[in-house]
Amino acid sequence: MQNVLEQIGIQNYIFLSTILFCIGIFGVLYRRNAIIVFMSIEIMLNAVNLLFVAFSTYHQDAQGQVFVFFSMAVAAAEVAVGLAILVSVFRNLGSIDIAKLKKLKG
Amino acid sequence: MSTVLIIFFVLSAITLASAFLTIYSKNPIHSAIYLVICFFSIAGHYLLLNAQFLAIVHIIVYSGAIMILFLFTIMLMNLNKEDEVHKPRVTRLGAIVLFTLMCAILISIFINSKPISDIYDNSGEDYQSIKVLGKVLLNEYMVPFEFASVLLLVAMIGTVLLSKKEENKTK
Amino acid sequence: MDTSLALVLLLAPFVGFLINVFFGKSLGKSVSGFIGTLSVFVSFAVTLYFFLNISQTAQPIRISLFDWISISKFKVDFGFLLDQLSILWLLFVTGIGSLIHLYSISYMHDDDNMHKFFAYLNLFVFFMISLVLGSNLLVMFIGWEGVGLCSYLLIGFWYKNQEYNDAAKKAFIMNRIGDLGLLVGIFILGSLYSTVDFTSLKTVISAGNNVDPYWLSAAALALFIGACGKSAQIPLYTWLPDAMAGPTPVSALIHAATMVTAGIFMITRLNFLFDLTPEIQNIIAIIGAVTALVAATIGLVQNDIKKVLAYSTVSQLGLMFLALGTGAYEIAVFHVITHAFFKACLFLGSGSVIHALHGEQDMRKMGGLRKAMPVTFWTMMISSLAISGIFPFAGFWSKDEILLSAFEYNPVLWVVGSVASIMTAFYMFRLMFLTFSKEFRGTEEQKHHLHESPALITFPLIVLALLAAVGGLISLPTNSWLNGYLAPLFPAVEHEEHHLGTTEYTLMAIALAGGLIGIAIAFIKYIKQSQLPQQDSEITGLTKVLYNKYYVDEIYDALFVKPINVLSRFFRDYIETALSAVVFGFAKVTNEVGYYGKKMQNGSIGFYLFAFVFGVCAIISYLFLAHQ
């Protein structure tokens, strides 16, 4: 079976992943709603996952996919805990505007 | 232009567009829906790359679990309205600047890196089917595998603890 | 055996010092005094043993404790040299030291810090012994500095009085100026000959290598400046009268018998060096003579009993330097010994008087003490006769030899020395008559309490007076035991025994007559005419100049002290502020950095995220792009 990357070219995947990652960063910096920030972080993680899988195909090695596996597990755990924290914050503060979380002022 | 390339471009367009719209839309629920579409497109990418197991797992975990969590949380906090105050103009400008800067840096790194070999291995050997993946996962990566399960357990406990409502003590 | 005895000799006073420092307060006054005296007496006993030993064998004993400095060719060991000169010196240092310790037990009995006093005295004796016993210039220098330190501690013993502290500081600083000269001399000798050991220096210098004589003269001059500082010659003499602020036993021990003779000791030790530099010897003789005269003139009109004795000490030291300058080292040593006897006796006697009058030191308020204090009177009388050079007391023989030697060297110096001697006789008997004769001029209350001092005070007085009376016997002109004893140290047959011919007899007669004239003038003025010195406000003219010590202190103040004060004020106001600004500037910079850094922690998550991304950009661009 032909390597699908021969037809697509690995640099396309690299660019796609990069731009997706930067969109994630943009979302983190741009929005004030904590939920949207979280979602942007998920986008970033997914960009990385995509790149891993692409390189796994490039090297014909399963290790990339194994790492994606673990990355997904960690992302799931992180989302769970993060949202629980967010809910607590919402209960205490009444809003999830990150500009309102200023109590750790130096 | 082979079929694969076309499919790739279509999928990439959907991915980038939905990701951008996630960030851009005012309604959080709309953002969540766009994100689900993004995840589906990425699963499509995985399928394109012949990583079937990962594609399915991706859909189950991300679209099926994580986004459900997001949606539930949004509904719990009643964020249906579109009443978010924007950040100050300077900050938004700074965000755009940083975004472009980051993009530029990363892309320039990749362009300047060593020329990518144009010869793609194609041994025909099966390296990523679920059978092989299972073997690799449980042979070489067994310890991280177990730890991942512990991690998930801990996360679950933590979540339950964190989101428990405090009992009123003055009753 | 010899080493351990020598160590006992050296360390006994040091042990006394330690005991008095740590346990003195709890031991009580009498015990601490006794321990202090005992330690010095032990040293004296050991010295006596060594003295008898060396009188028989005439062999110096060299003891080397350990190698101290060893840099290629330059080797210095920490050693002691017990030869004729050092043992003789130690005899009178420890002997008179023990007597003065004994005296102090009674004299300082009312003072609360008596144990501290004895501690300091013991420390002083320890340093003096190490000065005298040192086998090289560096060990001697340790002792040199140490006695300067103890002098400071003891002069300022009653530290609550600021004037006494100033006097102590003045003594120490002037000593230090002299010490700079001494150090320069040591450095020159060390660099010229790669050794500072006395025996080695003697061999090497007497062998007369082709060393530039200019450097030898420079070394000799520098060493002499050191001696000037320690032995109070012009121009570094003004500290000695001010040092009378210390308790009288201190004045007796340090500023009469021991520390001030250190300069003479050093020059005698290095006689081989000075013999090679006749122009420096000339300078020494001239300065000695001039100092003798100037100090005598100042002493003519002083009214404080201790100040008179202080200027007398300076004057007598001048005479000793005159002897050294003429090359008559044995005679200088002889005069040191006799001077130690009668000057210590005079100081202790004056201490007895001051003690009886409860601290009164102005002679105008004394008088008629002869009946109340007979022992003090007779001992002081004997010592005064000795210092005035009256036959047959000790001073006659030693002073006469000095004047003889001066006459052979340069008659002008003889005239100066003789005039100084006449003045000495005058002011000493002025002191005697004002203090002991006629009627008591003090208060009624003092008069009721007049009595002779206790035995611990009078016993040393008697011993010293006896020594002042018969001390001359150790060096009679024709048959000098002292010259014979010290002969191994000095080059053979430089000074022949004086043949007693007509010149010598005439000079002796003139000296004797001069002394008697001085006494007669004093007698006429203060007994027959019953004159009294004027009150301070009434003094005018030449007397005023002499009374104010030729305003030398004021001149020094204007020439040296004030410019240095201006300089230090300049440094304090400008340089120190600048340096402080630099040092504090560091702190300020840190503070500012912290202050602005603190602003970065404003708690805003958005800002933190910005920082994250920016940091990552920076790191990535550095890692991947900056090495293109």
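Bear in mind the structure is a predicted one, so any value in this text is a computation, not a measurement.

Here the focus is the overall build of chain C. Each helix and strand in chain C was counted, giving 25 helices and two strands. If one aligns the C-alpha atoms of chain C with their principal axes, the spans along those axes are about 110 × 65 × 50 Å. Residues counted as buried form 49% of the 628 residues belonging to chain C. Look at the contacts in chain C between residues 6 or more apart in sequence, and 80% of them connect residues 24 or more apart.

On to the overall build of chain A, then. What chain A contains, in helices and strands, is four helices and zero strands. Tracing chain A from N to C terminus, the helices and strands come up as α-α-α-α. For chain A, whose C-alpha radius of gyration is 18 Å, the value lies well above the compact-globule estimate of 13 Å for 106 residues. In terms of its C-alpha atoms, chain A occupies a principal-axis envelope of roughly 55 × 25 × 25 Å. Residue burial in chain A is summarised as follows: out of 106 residues, 51% are buried. Within chain A, counting contacts between residues at least 6 apart in sequence, those at least 24 apart form 44% of the total.

This part takes up helix α4 (residues 63-93) of chain A. Helix length check: α4 of chain A (31 residues) gives 44 Å between terminal C-alpha atoms against 45 Å at 1.5 Å per residue, within 8%. Phi for Gly 94 of chain A, located one or two positions after α4 of chain A, is positive at around 85°.

This next bit is on unusual backbone geometry. Residue and element names in this part refer to chain C. A cis amide bond links Ile 234 with the next residue in sequence, Pro 235, at an omega value of 0°. Its place among the elements puts Pro 235 in the loop between α8 (213-231) and α9 (239-242). Cis geometry marks the peptide bond from Phe 391 to Pro 392, where omega comes out at -5°. If you trace the backbone, Pro 392 turns up in the loop between α16 (374-388) and α17 (394-409).

Moving on, we come to the domain arrangement of chain C. Split by domain assignment, chain C resolves into domain 1 (283-474 + 501-547) and domain 2 (554-625). Computed from C-alpha coordinates alone, the two centres of domain 1 of chain C and domain 2 of chain C are separated by 66 Å.

The partner chain A presents 64 residues to the 71 residues of chain B that form the contact. Of all the secondary-structure elements, those providing two or more residues to the side of chain B that touches chain A are α1 (3-24), α2 (28-48), α3 (52-76), α4 (89-112), α5 (130-139) and α6 (142-162) of chain B. Of all the elements, α3 of chain B adds the most residues to the side of chain B that touches chain A, at 11 residues. Residue classes in the side of chain B that touches chain A are distributed as 51 nonpolar, 16 polar and four charged.

Between chain C and chain A, the contact holds 10 residues from the first and 11 residues from the second. Residues of the side of chain C that touches chain A, tallied by class, amount to four nonpolar, five polar and one charged.

The next subject is the nonpolar core. With 188 residues, the main nonpolar core has Phe 124, Ala 344 and Ala 468 of chain C as its most contacted residues. Here the element with the most residues in this core is helix α15 (residues 329-356) of chain C; it accounts for 17 residues. If near-sequence neighbours (up to four positions away) are discounted, Phe 124 of chain C is found in contact with Val 147, Cys 150, Leu 154 and Ile 254 of chain C. Counting residues in hydrophobic clusters, the runner-up holds 72 residues, among them Val 66 and Phe 69 of chain A together with Ile 74 and Ala 155 of chain B.

Residue and element names in this part refer to chain C. Where strand β1 (residues 61-71) meets strand β2 (residues 74-82), nine bridges bridge the pair, whose relative direction is antiparallel. Among the inter-strand pairings, Ile 71 is bridged to a residue of β2, identified as Phe 74. Hairpin connection between β1 and β2: a loop of two residues separates the two successive antiparallel strands, and Ser 72 in this loop has a positive phi of roughly 40°.

All names here are of chain C. In contact at an axis separation of 11 Å, helix α14 (residues 305-325) and helix α18 (residues 411-436) are set at 160° when each is read in the N-to-C sense. Relative to α18, the element α14 is oriented roughly antiparallel. Judged by the twist between their axes, the crossing of α14 over α18 is left-handed. Seen from α14, the contacting residues are Ile 305, Val 308, Ser 312, Ser 315, Leu 319 and Leu 322; seen from α18, they are Leu 413, Gly 417, Ala 420, Thr 424, Tyr 427, Met 428, Leu 431 and Thr 435. When grouped by side-chain class, the residues that make up the contact of α14 with α18 number nine nonpolar, five polar and no charged.

All names here are of chain C. Contact geometry of α17 with α18 gives a least axis separation of 6 Å together with a crossing angle of 155°. One finds that α17 runs roughly antiparallel with respect to α18. Contacts between α17 and α18 involve Lys 399, Ile 402, Leu 403, Ala 406, Phe 407 and Tyr 409 from the former and Pro 411, Leu 413, Trp 414, Gly 417, Ser 418 and Ser 421 from the latter. Here the residues of the contact of α17 with α18 are counted per class, giving eight nonpolar, three polar and one charged.

In this section: the confidence of the model for chain C. The predicted model of chain C averages 87 in pLDDT, with 98% of residues at 70 or higher. Across the whole predicted complex the pTM is 0.71, and at the interface the ipTM reaches 0.90.

Residue and element names in this part refer to chain C. By the secondary structure assignment, Asp 112 is in the loop between α3 (84-107) and α4 (114-133). Exposure remark for Asp 112: the 9 C-beta atoms within 10 Å place this residue in the exposed category. In this structure the C-alpha to C-alpha distance between Asp 112 and Gly 368, which are 256 residues apart in sequence, comes to 32 Å.

Turning to α8 of chain C, a few remarks are in order. Residue and element names in this part refer to chain C. In a regular helix each residue adds 1.5 Å, so 19 residues correspond to 27 Å; α8 covers 26 Å between its end C-alpha atoms and thus fits that length. Residues of α8 that are buried make contact with α5 (137-155), α6 (162-193), α11 (262-269), α12 (271-275), α13 (278-299) and α14. Remark: Ala 232 follows α8 within two positions and exhibits a positive phi of approximately 55°.

Moving on, we come to the environment of Ile 225 of chain C. Residue and element names in this part refer to chain C. With respect to the secondary-structure elements, Ile 225 resides in helix α8. Along the sequence, Ile 225 and Ile 474 sit 249 residues apart, while their C-alpha atoms lie 31 Å from each other. Discounting residues that sit within four places of it in the chain, Ile 225 has contacts with Gly 178 and Gly 181.

Residues and elements named next belong to chain C. By the secondary structure assignment, Ala 332 is in helix α15. Owing to 29 C-beta atoms within 10 Å, Ala 332 belongs among the buried residues under this scheme. Considering only alpha carbons, one finds Ala 332 and Leu 270, 62 residues apart in sequence, at a separation of 14 Å.

Thresholds applied
Residues numbered from 1 in each chain as written. Chains lettered and ligands numbered in written order. Predicted model: local features only at pLDDT ≥ 70, side-chain atom pairs only at ≥ 80, totals over all residues. Helix = DSSP H or I, 4+ residues; strand = E, 2+ residues; numbered from the N terminus. Buried ≥ 20, exposed ≤ 12 C-beta atoms within 10 Å, placed from the backbone. Contact = placed C-beta atoms within 7 Å. Rg over C-alpha atoms; globule rule 2.2 N^0.38 Å. Expected span 1.5 Å × (residues − 1). Domains from an automatic or database assignment. Nonpolar A, V, L, I, M, F, W, Y, C, P; charged D, E, K, R; others polar. Core = buried A, V, L, I, M, F, W, Y, C linked by C-beta atoms within 7 Å. Pairing = 2+ DSSP bridges. Axes fitted to C-alpha atoms, helices over the stretch in contact; angles between N-to-C directions. Parallel < 35°, antiparallel > 145°, perpendicular 65-115°, else oblique. Left-handed = near helix turned anticlockwise from the far one by under 90°. pLDDT = per-residue confidence, 0-100.

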